[in-house]
Every structure is written in C-alpha cells, then in structure tokens.
Amino acid sequence: MIGKILEKLRRSAPAVTPELERRIRRSFDESSADEEHFPSTIDPRIYHVQLLLRFFGSLENGRALDVGCGKGRFARVFAGEWPTARITATDISTAMLAYVQPPLQACAATMTTLPFRDGVFDAVYATESLEHAVDIERAVAEMCRVTRPGGKVAVIDKNAEHWGKLKTPEWERWFHRRELEKLLGRHCRKVDSQFISYWEDVPPDGMFIAWLAEK
Ligand SMILES: C[S@@+](CC[C@H](N)C(=O)[O-])C[C@H]1O[C@@H](n2cnc3c(N)ncnc32)[C@H](O)[C@@H]1O
C-alpha cells in the first residue's frame, strides 16, 4: 500500500524546474505581507512548539536548523529556550527571511539543496513547509543528511486524508502518516508519528501529524 503511494508520488510529482521555484519564491515573498496567515510569532504554549521542545530536549551549545522557517516564529521561541544553541533558519523567500534577526542566523536556500555539510546539526525540523518542497524525497534526504548521527529530525505537516479542506497552491502536497515514516526511515534508525492538535488538552482532529525521527 505505502509502496504504491510512494510510487504514485514519484510519478505524479512535478519536476522542480527553475520556473516553478521562482513562482513558489515569488508567491511566498508576496505572502510575507500577510501577517494574519503567515504570522511572525507563535504562542509558545501551542502544542506544536511544546512537542518539538520536548522531543529535542536541551540543546545547550548545540546546533538546530529550521527548514522553510517563514518568519522564524518557531526558531525565535527555541532561541529563548536554548540561549547557548546556534539556530539557523532557512527559507526560499528572502522577504520571509527579512523577519529573521540575530541571534538567529538567516540563510536563503531551498530545502532540496541545503547549503550545509553532512551531519552538522543536532536538531532539524520543518513545520508546514515540507508540503511546499515539490521534490519531497529529496527534501527529506537533505534534512537527514545535515543531521548528525544520533541527532533528531522532526516534521509537522498536514494529513493527506484531509486534502481538500483548505485552499492550496498547485504545488502543495499533504502526507499520509506511513508515507513520510517510510521516507524518514530510509535515513533514520527510529521513526514515529502522531496526530497532534494545537492544544494538548484538545483531542486531535487528524489534520496535523508530527513525524519524529532519530538518525
Ligand atoms: C506555510 S509557511 C511555514 C513557515 C514556518 N515554518 C512556520 O511554521 O511559521 C511555508 C514556508 O516554506 C517556505 N518554502 C516553500 N518552499 C520552500 C523550499 N523549496 N525551500 C525552502 N523554503 C520553502 C516558504 O517560503 C514559507 O516561508
């Protein structure tokens, strides 16, 4: 079943052409002015934040990478929690990155070609950004490549079973739980996933999934 989904994904995925990449970048550059839908801050009590904090643990003197960081709302909370960590935030949109200020390190890059050496990060995560990568297999491989052995990789994104419930651009993809588990499992020795909601005491409605992996 999952093999078939991955095969279908491979055949139906549009190629990441320079033209498509330009269109995606332009679209998010424009969206950066929309603070309501692309916020620069996040309430740290939101479970998406709390789950990542608990999963990564203390990152004292460690290095973390936010992939497709947008305006850096997650990275900013983590910088407050881990004052001695070096946190790098990457995004394809320079207009989004304009919101990412020190102590965060901003870096313009596409998640399918991350400009970092192998194994340099202790923690790597992507929140609602992998869905825009187009070449999902390559983006997952890149996230895992730059994670050190024993380091942690997390993805929070939307469930393919809820596809159609929100308006989406034509390049966006949502994921089946097992599908991303399998992709992460190619590079990581432990992979788990769970449905999550915004608040810990509210049962998940199935829209969001967190995939948590250890390399
Ligand atoms: C919905 S926003 C999420 C931003 C952020 N992770 C958050 O949770 O606030 C998606 C982000 O992914 C970025 N993005 C889209 N395609 C990308 C790519 N190929 N490489 C890097 N970033 C990308 C967009 O520019 C945008 O900032």
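Residues numbered from 1 in each chain as written. Predicted model: local features only at pLDDT ≥ 70, side-chain atom pairs only at ≥ 80, totals over all residues.

**Overview of the overall build of the protein chain**
Our working definition: Secondary structure counts use DSSP, requiring at least four H or I residues in a row for a helix and at least two E residues in a row for a strand, with both numbered from the N terminus. What the globule rule says is 2.2 Å times the number of residues to the power 0.38, and the radius of gyration is computed from C-alpha atoms. Buried, partly exposed and exposed are defined by the number of other C-beta atoms within 10 Å of a residue's own C-beta, namely 20 or more, between the two limits, and 12 or fewer respectively, with C-beta atoms placed from the backbone.
Looking only at helices and strands, the protein chain has 7 helices and 7 strands in total. Taken from N to C terminus, the helices and strands of the protein chain fall in the order α-α-α-β-α-β-α-β-β-α-β-α-β-β. Its C-alpha radius of gyration of 16 Å places the protein chain within 12% of the 17 Å reference for a compact globule of 215 residues. Across its three principal directions, the C-alpha atoms of the protein chain cover 45 × 40 × 35 Å. Burial status across the protein chain gives 39% buried among its 215 residues.

**Structural notes on the site of the ligand**
The cut-off we apply is this: Here, nearness means that the C-beta atom of a residue, built from backbone geometry, sits within 6 Å of the molecule or strand in question.
F28, G68, G70, S129 and H132 are the nearest of the 19 residues found near the ligand. Broken down by secondary-structure element, the contributors of at least two residues to the shell around the ligand are α2 (18-31) and α4 (73-81).

**Considering the pairing of strand β5 (residues 147-158)**
So the rule is basically this: We call two strands paired when DSSP finds no fewer than two bridges between them. Crossovers are described as right-handed under a simple rule: with the strands pointing away from the observer, the path leading from the first strand over the helix to the second runs clockwise.
Counting buried positions over the 12 residues of β5 gives 9, a clear majority of the element. Pairing of strand β4 (residues 121-127) with β5, which is carried by 6 bridges, proceeds in the parallel orientation. Across the sheet, the residue bridging to F121 is T147, located in β5. The handedness of the β4 to β5 crossover, carried by helix α6 (residues 136-145), is right-handed. Inspection of the sheet shows β5 paired to strand β7 (residues 208-214) by 7 bridges, in the antiparallel sense. Counted as the bridge partner of D157 is I209 from β7.

**What to know about α4**
For clarity, the threshold we go by: What counts as a contact is two residues whose backbone-derived C-beta atoms lie within 7 Å of each other.
R73, F74, A75, R76 and F78 are the residues of α4 that are buried. On its buried face, α4 is in contact with α3 (47-56), β1 (63-67), β2 (86-91) and β4.

**Focus: the sheet that holds strand β6 (residues 190-196)**
The following threshold applies: Interaxial angles span 0 to 180 degrees and are taken between N-to-C directions of axes, which are lines fitted to C-alpha atoms, for helices over the stretch in contact.
What the 7 strands build is an open sheet, ordered β3-β2-β1-β4-β5-β7-β6; its pairing is mixed. Since the sheet does not close on itself, it has two edges, and those belong to β3 (105-108) and β6, each with one partner. Ignoring which end each strand starts from, the neighbouring axes of this sheet average 15° apart. α3 rests against β4, β5, β6 and β7 of the sheet, and its axis sits at about 165° to β5. Packed onto the sheet, α6 meets β1, β4 and β5 and runs at close to 145° relative to β5.

**Quick notes on the nonpolar core**
The condition that has to hold: Nonpolar cores are built from buried Ala, Val, Leu, Ile, Met, Phe, Trp, Tyr and Cys residues. These are joined into a set through C-beta atoms within 7 Å.
Among the nonpolar cores identified, the biggest contains 56 residues, and V124, M143, V153, A154, L184 and W211 are the most heavily contacted of them. Looking at this core, the element that brings in the most residues is β7, giving 6 residues. Setting aside residues up to four positions removed in sequence, A154 forms contacts with L52, F55, Y125, A210, W211 and L212.

**A word on helix α7 (residues 177-185)**
We count it as follows: As used here, the arc is the angular range of directions from the helix axis to the C-beta atoms.
Taken residue by residue, α7 has E179, L180, L183 and L184 as its buried positions. Projected down its long axis, α7 carries its buried residues within an arc of 125°, all on one side.

**Some thoughts on unusual backbone geometry**
A cis amide bond links P102 with the next residue in sequence, P103, at an omega value of 10°. Checked against the element boundaries, P103 lands in the loop between α5 (94-97) and β3. With a phi close to 70°, V134 is a non-glycine residue in the positive phi region. Note that V134 resides in the loop between β4 and α6. Taking the number of C-beta atoms within 10 Å as the measure of exposure, V134 has 21 and is therefore buried.

**Section: the environment of V77**
By the element assignment, V77 lies in helix α4. The class of V77 is partly exposed, set by 19 C-beta atoms lying within 10 Å. Separated by 134 residues in the primary sequence, V77 and W211 place their C-alpha atoms 20 Å from one another. Contacts of V77, omitting those with residues within four sequence positions, involve I42, P44 and V49.

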